[in-house]
Amino acid sequence: QFRRTKKKRFLLSAYGGYNKASLIISFFFRTFGMALLTILRYPDTRLRKQAKPVEYVDDRVQVIINDLLETMYGAPGIGLAATQVNIHEQIVVIDISEENDSPLCLINAKITKKSGSVETEEGCLSVPEYFAKVDRAENVTVEYLDREGQSCVLEATGLLAVCIQHELDHLKGKIFVDYLSSLKQSRVRKKLEKAAKNK
Ligand code: NI
């Protein structure tokens, strides 16, 4: 009994909260140095900014990558671009694995080859609870720097190829709803503006 009380008091004083979930989350982030970032929502105009190339893949960039991964897994989502958390640098994270154990980080990525076409139902963490079919290339070759700053080339197909195209669009200020008819775009805009007001 005594021990339990003591431990609890320690946790409370260390993390200053009473909610068990927030204690656990705060412990996790303090231990691993990560943070959940706020995801901008369509039609926020900051989602339209052009991301700049990363000059040095240094510790500062490692922090951004960790925060992006944590925010993506927490959402949960399979991809997140820095633009979506109001960081306008060419960094995206993707993990299409079931187990969330295969993170891919693309820095300064460029698609150098595209082929085929595929229609996929897409969603986006910046456009919550909305899904629509979009046409994309079925296969892409992408050149990028990984989080160690090494030059890499990846040939992707299927869901991964679609995800890469979707996330790299974000860095150019483009959102998947831009591919839809103007009627559909105005519908989703109104829906999200209404949801934001009622918050
Ligand atoms: Ni998105």
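For the structure itself, consult the block above.
As the structure is a computational prediction, the values presented were derived from the model and not from experiment.

To continue, consider the nonpolar core. Among the nonpolar cores identified, the biggest contains 18 residues, and Ile94, Leu106, Ile164 and Leu168 are the most heavily contacted of them. Of all the secondary structure elements, the ones that give two or more residues to this core are strand E2 (91-94), strand E3 (104-115), strand E6 (139-145) and helix H4 (158-171). Sorting elements by how many residues they give to this core places H4 first, with six residues.

One pass over the structure, following the stated rule, counts one aromatic pair. Ring centres 6.4 Å apart and planes at 40° place the aromatic pair Tyr130 and Phe176 in the tilted group. With Tyr130 in strand E5 (residues 127-136) and Phe176 in the loop between H4 and helix H5 (182-197), this pair connects stretches of sequence that are 46 residues apart. A residue is classified by how much of its surface remains accessible, and Phe176, at 1% relative accessible area, is buried.

As a further point, take the coordination of the nickel ion. Coordination sphere of the nickel ion, protein contribution only: Cys124 (SG), His166 (NE2) and His170 (NE2), at 2.1 to 2.2 Å. Sequence spacing among the residues donating to the nickel ion works out to C-x41-H-x3-H. Note that Cys124 is positioned in strand E4 (residues 118-124) and His170 in helix H4, a separation of 46 residues in sequence. Residues Cys124 and His170 agree in their burial class; the two are buried.

Looking now at the pattern of salt bridges. For the structure on display, the rule yields five salt bridges. One salt bridge in this structure joins Asp44 and Arg46, with 2.8 Å as the shortest N-O distance. Through salt bridges that share partners, Glu122, Arg136 and Asp169 make up one connected network.

Let's shift gears to the sheet that holds strand E7 (residues 151-157). One open sheet holds the five strands; their spatial order is E1-E2-E3-E6-E7, and the pairing between them is antiparallel. With partners counted over all chains shown, the strands left at the sheet margins are strand E1 (79-81) and E7, one partner each. When the angles between neighbouring strand axes are averaged without regard to direction, this sheet yields 40°. Where E6 lies against E7, seven bridges are found, and the strand directions are antiparallel. If you follow Leu145 over to E7, its bridge partner there is Ser151. Sitting on the sheet, helix H3 (residues 59-74) is in contact with E1, E2 and E3, with an inclination near 40° to E2. Across the sheet, H4 is in contact with E1, E2, E3, E6 and E7; its angle to E7 comes to roughly 120°.

Attention now moves to a nonpolar patch on the surface. A cluster of nonpolar side chains, contributed by Ile78, Ile96 and Leu159, occupies part of the molecular surface with about 230 Å² of accessible area. For Ile78, the position within the fold is in the loop between H3 and E1.

Scoring rules and cut-offs
- Residues numbered from 1 in each chain as written.
- Predicted model: local features only at pLDDT ≥ 70, side-chain atom pairs only at ≥ 80, totals over all residues.
- Heavy atoms only, no water.
- Core = buried A, V, L, I, M, F, W, Y, C linked by side-chain atoms within 4.5 Å.
- Buried < 20%, exposed > 50% of the residue type's maximum accessible area, 1.4 Å probe, protein only.
- Helix = DSSP H or I, 4+ residues; strand = E, 2+ residues; numbered from the N terminus.
- Phe/Tyr/Trp six-rings, centres within 6.5 Å; stacked < 30°, edge-to-face > 60°.
- Donors = N, O, S within 2.8 Å, 3.2 Å for Na, K, Ca; no water.
- Salt bridge = Lys/Arg side-chain N within 4 Å of Asp/Glu carboxyl O.
- Pairing = 2+ DSSP bridges.
- Axes fitted to C-alpha atoms, helices over the stretch in contact; angles between N-to-C directions.
- Contact = heavy atoms within 4.5 Å.
- Patch = residues over 30% accessible without salt bridge, like charges linked within 9 Å, V, L, I, M, F, W, Y side chains within 5 Å.
- Areas by Shrake-Rupley, 256 points an atom, 1.4 Å probe, with all protein chains shown as cover.

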